[in-house]
Amino acid sequence: MIYIGSDHAGFKTKEYIKKFLAKSNLDYKDLSPIAKEGDDYPEHAAKVAKAVAKNKNNKGILVCGTGVGMTMAANKIKGARAVLLLDKYTTKKSRTSNDANIACLRGWDFSKRKAANLLDLFLKTPFDKKARRERRIKKLDKLRWNHL
């Protein structure tokens, strides 16, 4: 399942992304279906990140004004590996090398079409499952939660 959410600043981009997901026949659930001026991105990020963390096959999409706040907030949730999508190279590497499970996008000053293209790449790129990659992800989780 793909979980999606946004604050008010990312709402229009999120709605565009939902149309892209529907056209691609991808199942999704919108965890923040309405836009409220003044809502706070951490609550939307937490909802999506917690849903994603429940199942290793889940993915998430978060949109706020810059994408940065959502990325920071989502990465506070154990099991979430959120990345801000800005270009093809880092989008692909975030999946192959880091098994990122949440794509964060900016809603301000960013082409909706570019956002959809990066998201398509994110969703289609598999994790390469090399032992060194899995070892590093385990270390990342341990560092994050055990404060090594």
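Residues numbered from 1 in each chain as written. Predicted model: local features only at pLDDT ≥ 70, side-chain atom pairs only at ≥ 80, totals over all residues. Heavy atoms only, no water.

Participant: Teacher, can you tell me more about the overall build of the protein here?
Facilitator: Broken down by element type, the protein carries 6 helices and 5 strands. Going from N to C terminus, the protein has its helices and strands arranged as β-α-β-α-β-α-β-α-β-α-α. Taken over the C-alpha atoms alone, the protein extends approximately 40 × 30 × 25 Å along its principal axes. Expressed as a percentage of its 148 residues, the buried residues of the protein come to 46%. (Helix = DSSP H or I, 4+ residues; strand = E, 2+ residues; numbered from the N terminus. Buried < 20%, exposed > 50% of the residue type's maximum accessible area, 1.4 Å probe, protein only.)

Participant: Please explain the sheet that holds strand E1 (residues 2-6) as it appears in this structure.
Facilitator: Either a parallel or an antiparallel arrangement is found when strands of a sheet pair, and the pairing is made through backbone hydrogen bonds. Taken together, 5 strands build an open sheet; the order of strands is E2-E1-E3-E5-E4 and the sheet is parallel. Each edge of the open sheet is held by one strand with a lone partner, namely strand E2 (28-30) and strand E4 (82-84). This sheet shows a mean twist of 20° between the axes of neighbouring strands, independent of strand direction. Examined bridge by bridge, E1 and E2 share 3 bridges and lie parallel to one another. Paired with Tyr3 across the bridge in E2 is Lys29. Relative to the sheet, helix H1 (residues 11-23) contacts E1, E2, strand E3 (59-64) and strand E5 (102-106), its axis offset from that of E1 by approximately 160°. (Pairing = 2+ DSSP bridges. Axes fitted to C-alpha atoms, helices over the stretch in contact; angles between N-to-C directions. Contact = heavy atoms within 4.5 Å.)

Participant: In this structure, what is going on with the packing of H1 against helix H5 (residues 112-124)? I would like to understand it.
Facilitator: Working note: a packed helix pair is described by the angle between its axes plus the distance between those axes. Between H1 and H5, the least distance of the axes is 10 Å, while the angle of their chain directions is 50°. Taken together, the axes of H1 and H5 lie oblique to each other. The two elements H1 and H5 meet at a crossing, and its hand is right-handed. In contact with Lys12, Thr13, Tyr16, Ile17, Phe20 and Leu21 of H1, H5 contributes Lys112, Arg113, Ala115, Ala116, Leu119, Asp120 and Leu123. (Parallel < 35°, antiparallel > 145°, perpendicular 65-115°, else oblique. Left-handed = near helix turned anticlockwise from the far one by under 90°.)

Participant: Just checking my understanding: could you explain a positive patch on the surface for this structure?
Facilitator: A cluster of like positive charges, contributed by Lys92, Lys93, Lys130, Arg132, Arg135, Arg136 and Lys139, occupies part of the molecular surface. Elements supplying a minimum of two residues to the positive patch: helix H4 (88-96) and helix H6 (131-146). Counting residues per element, the positive patch draws most heavily on H6, which supplies 4 residues. (Patch = residues over 30% accessible without salt bridge, like charges linked within 9 Å, V, L, I, M, F, W, Y side chains within 5 Å. Areas by Shrake-Rupley, 256 points an atom, 1.4 Å probe, with all protein chains shown as cover. Salt bridge = Lys/Arg side-chain N within 4 Å of Asp/Glu carboxyl O. Lys, Arg positive; Asp, Glu negative; His and termini not counted. Charge placed at Lys NZ, Arg CZ, Asp CG, Glu CD.)

Participant: How should the state of the cysteines be read in this particular structure?
Facilitator: Two cysteines joined by a covalent bond between their sulfur atoms form a disulfide. Throughout the structure, instances matching the rule amount to 0 disulfides. In this structure Cys64 is not part of a disulfide, and its nearest cysteine sulfur, from Cys104, lies 7.4 Å away. Relative accessible area serves as the criterion here: at 3%, Cys64 is assigned to the buried category. (Disulfide = S-S within 2.5 Å.)

Participant: When you look at helix H2 (residues 41-53) in this model, what are you seeing that I'm missing?
Facilitator: Along an α-helix, residues three or four positions apart point the same way, because every turn accommodates 3.6 residues. End to end, H2 covers 18 Å across 13 residues, agreeing with the expected 18 Å (1.5 Å per residue, within 8%). Within the span of H2, buried status applies to His44, Ala45, Ala46, Val48, Ala49, Ala51 and Val52. Buried residues in H2 make contact with E1, E3, helix H3 (68-74) and E5. (Expected span 1.5 Å × (residues − 1).)

Participant: Where do I start with the packing of aromatic side chains in this structure?
Facilitator: The description of an aromatic ring pair uses the distance of the two centres, along with the angle that the planes make with each other. The tally for this structure, following the rule as stated, stands at 0 aromatic pairs. In this structure, Arg95 packs its charged tip against the face of Phe122, placed 5.7 Å from the ring centre. (Phe/Tyr/Trp six-rings, centres within 6.5 Å; stacked < 30°, edge-to-face > 60°. Lys NZ or Arg CZ within 6 Å of the ring centre and 35° of its normal.)

Participant: What am I meant to see in the pairing of E5 here?
Facilitator: One face of the sheet, then the other: side chains in a regular strand alternate in exactly this way. Most of E5 sits inside the fold, with 4 of its 5 residues counted as buried. As paired strands, E4 and E5 are joined by 3 bridges and run parallel to one another. Looking across to E5, one finds that Val83 is bridged to Ala103. For the handedness criterion, the β-α-β arrangement of E4, H4 and E5 is classed as right-handed. (Right-handed = clockwise from strand over helix to strand, strands pointing away.)

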